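Per-entry structural report
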Amino acid sequence: NELKDLLGNKSSAPKEQVYPKFASVAQSYARLVEEKKASFMNLGLFRTLTNLKNNLKITLSAEINQEIRRIADNVSPANQVIHIPHNSPVQHLLPSNTPDFMQTPLDYLGFCLWSIVRKDGLLISGKPNLGVFRYKDKNCVFSNEDCIRDFISNPDSYINGVIQQCMKHPELIHLLRMDEHFRYANLNSILQSKENHISTSSRLMVDKGCETPLHFVEKNLDPNYCWNEWELRKKAIQFANIRNRQTKACQTILSNFKVDSETQVWPPKEKGTQSGINTGTNPLRPRNYVVGLREKTPNKK
């Protein structure tokens, strides 16, 4: 609408006003395309999970399930007190000491951290009524008191153990929201690498650069190289035939003119002859002079 109002019936418009509008439209279109791709990926993942859910068969018997539920219901958290050492870096958050306890975000999607690490990725919901335990900006919940005591004794091993379990089971990365530890990992490529038994500990997408010389000096090119096998066989047969041949020569009428021959001649000499000599004599030539024809000049004293 802004572009229509800006352009209207005009044949031209200033680029300082039009170009930013087109740039914003292009960015919106690019975001919509990315969101469309993500939607298709989520749809495919949902269908895959639905098929797995339909094919899932519970191997535990009904008696064992009832016993598990009975044990879980009989545990009363209020009867047991969890003691945390004063020098422990773990904080115990309870409704009594935390005003916004109900709005506290839970990491690992609220699953028990102990069961994920000790039970090879088993997902058991934690119980927030036991309290939330904060360690290194991670809010963790657990299913029972024994799990909490193990976590308080060595919290770093459990935090690192979740990362190891995500490397072993890549499907837990997005489920437990561990994207910050696997920024360059793609779910599809991780699943493919798992099928090919490739470790996911190394980054799958990295930026690399290499330098090459501007002008290559060395050139190892063989002009007689031939990659065709049939051409090589042809040359081999030709060489074999040449070894069985003999070279003969004969002279014909047409070839005798091509023979180099030399002859010796006497070069002409330069000669000259003497002719008659022109001679002459110098006779006496008589001359007569007339005197007194000019005017006499007076004598000067």
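Keep in mind that this is a model prediction, so the values were computed, not measured.

1. Regarding the pattern of salt bridges
Following the criterion strictly, the structure yields four salt bridges and no others. Asp156 is paired through a salt bridge with Lys136; the nearest N and O atoms lie 3.2 Å apart. With Asp156 in helix H6 (residues 155-168) and Lys136 in the loop between strand S2 (132-135) and strand S3 (138-140), this residue pair connects regions lying 20 residues apart in the sequence. Look at Asp156 and you get partly exposed, because its relative accessible area is 32%.

2. Re the sheet that holds strand S1 (residues 91-93)
Here we have three strands laid out as an open sheet, ordered S1-S2-S3, and antiparallel in their pairing. What marks the edges here is a single partner per strand, and that holds for S1 and S3. Strand-to-strand twist of the sheet, defined as the mean angle between neighbouring strand axes without regard to direction, takes the value 30°. Here three bridges tie S1 to S2, and the two strands are oriented antiparallel to one another. Each residue of the ladder has a partner; that of Gln91, found in S2, is Arg134.

3. A word on the nonpolar core
Leu113, Phe142, Phe151, Leu176 and Met178 are the most contacted members of the largest nonpolar core, which has 27 residues in total. Counting only elements with at least two residues in this core, the list comes to helix H4 (113-118), S2, helix H5 (145-153), H6 and helix H7 (172-175). By residue number, the principal contributor to this core is H6, which donates five residues. Residues in contact with Leu113, not counting those within four places in the same chain, are Tyr108, Cys140, Val141, Phe142, Phe151, Tyr158, Ile159 and Val162.

4. Comments concerning the state of the cysteines
One pass over the full model with this rule turns up zero disulfides. Of all cysteine sulfurs in the structure, the one in Cys112 sits closest to Cys140, which takes part in no disulfide; the separation is 9.6 Å.

5. Quick look at the pairing of S2
The pairing of S2 with S3 spans three bridges and is antiparallel. Within S3, the residue paired with Phe133 across the bridge is Cys140. Hairpin remark: S2 followed by S3, antiparallel, with two residues in the connecting loop; positive phi at Lys136, about 55°.

6. With respect to H6
Relative to the 20 Å expected for 14 residues at 1.5 Å per residue, H6 spans 20 Å between its end C-alpha atoms, a close match to the ideal helical length. What H6 keeps buried is the set Pro155, Tyr158, Ile159, Gly161, Val162, Ile163, Gln165 and Cys166. Buried positions along H6 lie against H4, S2, H5 and H7.

7. What to know about the side chain of Gln165
Within the fold, Gln165 resides in helix H6. For Gln165, a relative accessible area of 11% translates into the label buried. Residues within four places of Gln165 in sequence aside, it is in contact with Ile116, Val117, Asp120, Gly121 and Leu172.

About the criteria used
Residues numbered from 1 in each chain as written. Predicted model: local features only at pLDDT ≥ 70, side-chain atom pairs only at ≥ 80, totals over all residues. Heavy atoms only, no water. Salt bridge = Lys/Arg side-chain N within 4 Å of Asp/Glu carboxyl O. Helix = DSSP H or I, 4+ residues; strand = E, 2+ residues; numbered from the N terminus. Buried < 20%, exposed > 50% of the residue type's maximum accessible area, 1.4 Å probe, protein only. Pairing = 2+ DSSP bridges. Axes fitted to C-alpha atoms, helices over the stretch in contact; angles between N-to-C directions. Core = buried A, V, L, I, M, F, W, Y, C linked by side-chain atoms within 4.5 Å. Contact = heavy atoms within 4.5 Å. Disulfide = S-S within 2.5 Å. Expected span 1.5 Å × (residues − 1).

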